[in-house]
Amino acid sequence: MSGQHARTPLIAPSILAADFARLADEAAAVEGADWLHVDVMDNHFVPNLTLGLPVVESLLKVTDIPMDCHLMIDDPARWAPPYAEAGAHNVTFHAEATDDPIAVARDIRAAGAKAGLAIKPGTPVDPYLEILRDFDTLLVMSVEPGFGGQKFIAEVLPKVGIVRRLVDAGELTILIEIDGGINTDTIEAAAEAGVDCFVAGSAVYSADDPALAVQSLRNQAAAASKHLAR
Ligand code: DX5
Ligand code: ZN
């Protein structure tokens, strides 16, 4: 729609790149971030193990930044709702990890959080377009889930474009999030494709001033997307 302002991009620092022994300080170091992205891995869905509900519960007590839990785990029907009950703002699980994503989304929402659907780089978005009505967030992975510090896979951006067009046409209301390899070299392409929320781990936590890195990334994304009608 012409004349409408682009929304301010959201930046979600990923604490996967932070010092796990100092998580409260590391959350405080990104003051001004829109969401705090927490990667939960179970060593089954992905070949890596990070943290789980007890750590998220502790972290929720020491930060006011809305928490964005990205569950890279099997059996989200069983494990996802407790993150919502604990007070996470958004709880995202993987489409590849369940046969009944709508039921999981319903349980997350009933427990008081926004529900997110994540898709790996090789997973097409088309089969999920119908059910996106039952979600608040779509997380498009731009690296293979499991590890931080990987190279951005630009080939996922057409999936962002497909969903962006449906949102702009008023056919869908969903926030589009991208995760993996986002930094000053890649954020503009993602913003131009139509991403609303940018996860950044190493780009934020390897900076001398992580809070400033968040602001810079947000400004860069805003500048790259402001020509787009939203
Ligand atoms: C990877 C995680 C990402 C990761 C991103 O499986 O889901 O959230 O922390 O890290 P960077 O920004 O370093 O690619
Ligand atoms: Zn993540």
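Residues numbered from 1 in each chain as written. Chains lettered and ligands numbered in written order. Predicted model: local features only at pLDDT ≥ 70, side-chain atom pairs only at ≥ 80, totals over all residues. Heavy atoms only, no water.

**Digging into helix α6 (residues 157-168)**
Now for step 1: Between its terminal C-alpha atoms α6 stretches 16 Å, which fits the 16 Å expected from 12 residues at 1.5 Å a residue.
Now for step 2: Taken from the residues just after α6, Gly170 is the one with a positive phi, measuring 80°. (Helix = DSSP H or I, 4+ residues; strand = E, 2+ residues; numbered from the N terminus. Expected span 1.5 Å × (residues − 1).)

**As for the site of ligand 1**
Now for step 1: Around ligand 1 sit 20 residues in total, of which Ser14, Gly146, Asp179, Gly201 and Ser202 are the nearest.
Now for step 2: Ser14 places a polar side-chain atom, nitrogen or oxygen, 2.8 Å from an oxygen atom of ligand 1.
Now for step 3: With the chains in place, 99% of the 380 Å² that ligand 1 exposes on its own is no longer accessible.
Now for step 4: Tallied by class, the residues present in the shell around ligand 1 amount to eight nonpolar, 10 polar and two charged. (Near = heavy atom within 4 Å. Polar contact = N/O pair within 3.5 Å; in protein donor to acceptor, adjacent residues only side chain to side chain. Areas by Shrake-Rupley, 256 points an atom, 1.4 Å probe, with all protein chains shown as cover. Nonpolar A, V, L, I, M, F, W, Y, C, P; charged D, E, K, R; others polar.)

**Re the pattern of salt bridges**
Now for step 1: Within the structure shown, the criterion is met by eight salt bridges.
Now for step 2: Residues Asp25 and Arg22 are paired through a salt bridge, measuring 3.8 Å at the closest nitrogen-oxygen approach.
Now for step 3: A relative accessible area of 37% means that Arg22 is categorised as partly exposed.
Now for step 4: With its nearest N and O atoms 4.0 Å apart, the salt bridge here joins Asp107 to Arg106. (Salt bridge = Lys/Arg side-chain N within 4 Å of Asp/Glu carboxyl O. Buried < 20%, exposed > 50% of the residue type's maximum accessible area, 1.4 Å probe, protein only.)

**Let's talk about the sheet that holds strand β2 (residues 36-41)**
Now for step 1: With respect to topology, eight strands assemble into an open sheet ordered β1-β8-β7-β6-β5-β4-β3-β2, the strand pairing being parallel. Two strands lie at the open edges of the sheet, namely β1 (10-13) and β2, each paired on one side alone. For this sheet the average axis-to-axis angle between neighbouring strands, irrespective of direction, equals 25°.
Now for step 2: Strand direction decides the pairing type here: strand β5 (residues 114-119) and strand β6 (residues 137-141), joined by four bridges, are parallel. (Pairing = 2+ DSSP bridges. Axes fitted to C-alpha atoms, helices over the stretch in contact; angles between N-to-C directions.)

**A few points about helix α9 (residues 210-225)**
Now for step 1: Helix length check: α9 (16 residues) gives 23 Å between terminal C-alpha atoms against 22 Å at 1.5 Å per residue, within 8%.
Now for step 2: Listed as buried for α9 are Pro210, Ala211, Ala213, Val214, Leu217, Arg218, Gln220, Ala221, Ala224 and Ser225.
Now for step 3: Elements in contact with the buried residues of α9: β1, α7 (187-193), β8 (197-200) and α8 (202-205).
Now for step 4: Its side-chain oxygen at 3.1 Å from the backbone nitrogen of Ala211, Asp209 defines the N-terminal cap of α9. (Contact = heavy atoms within 4.5 Å.)

**Observations regarding the coordination of the zinc ion (ligand 2)**
Now for step 1: Around the zinc ion (ligand 2), the donor atoms from the protein are His37 (NE2), Asp39 (OD), His70 (ND1) and Asp179 (OD), and they sit 2.0 to 2.3 Å away.
Now for step 2: One can describe the donor arrangement at the zinc ion (ligand 2) as octahedral, given that its six donor atoms subtend angles of 71 to 172° at the metal.
Now for step 3: In the primary structure, the donors to the zinc ion (ligand 2) are separated according to the pattern H-x1-D-x30-H-x108-D. Placement of the pair is His70 in strand β3 (residues 67-72) and Asp179 in strand β7 (residues 175-179), with a sequence separation of 109 residues. For the pair formed by His70 and Asp179, the shared burial category is buried. (Donors = N, O, S within 2.8 Å, 3.2 Å for Na, K, Ca; no water. Tetrahedral: all angles 85-135°; square planar, octahedral: opposite > 155°, others 65-115°.)

**Some thoughts on the UniProt feature "active site" (unreviewed entry) in the chain**
Now for step 1: Look at the UniProt record and you will see "active site" (unreviewed entry) annotated at Asp39 and Asp179. A compact arrangement is adopted by the annotated residues: their sequence extent is 141 residues, whereas the largest C-alpha distance between any two is 10.5 Å.
Now for step 2: Within the element layout of this structure, Asp39 appears in strand β2.
Now for step 3: For Asp39, the contacting residues outside a window of four places in its chain are Ser14, Leu16, Thr50, Leu51, His70, Met72 and Asp179.
Now for step 4: A polar contact is formed between the side chain of Asp39 and the side chain of His37, at a distance of 2.9 Å.
Now for step 5: Among all residues touching Asp179, those that are not within four sequence positions of it are His37, Asp39, His70, Leu139, Val140, Met141, Ser142, Val143 and Val199.
Now for step 6: Within the local environment of Asp179, its side chain forms a polar contact with the side chain of His70, the two groups lying 3.1 Å apart. (UniProt positions renumbered as here; feature names shortened; annotations may be inferred.)

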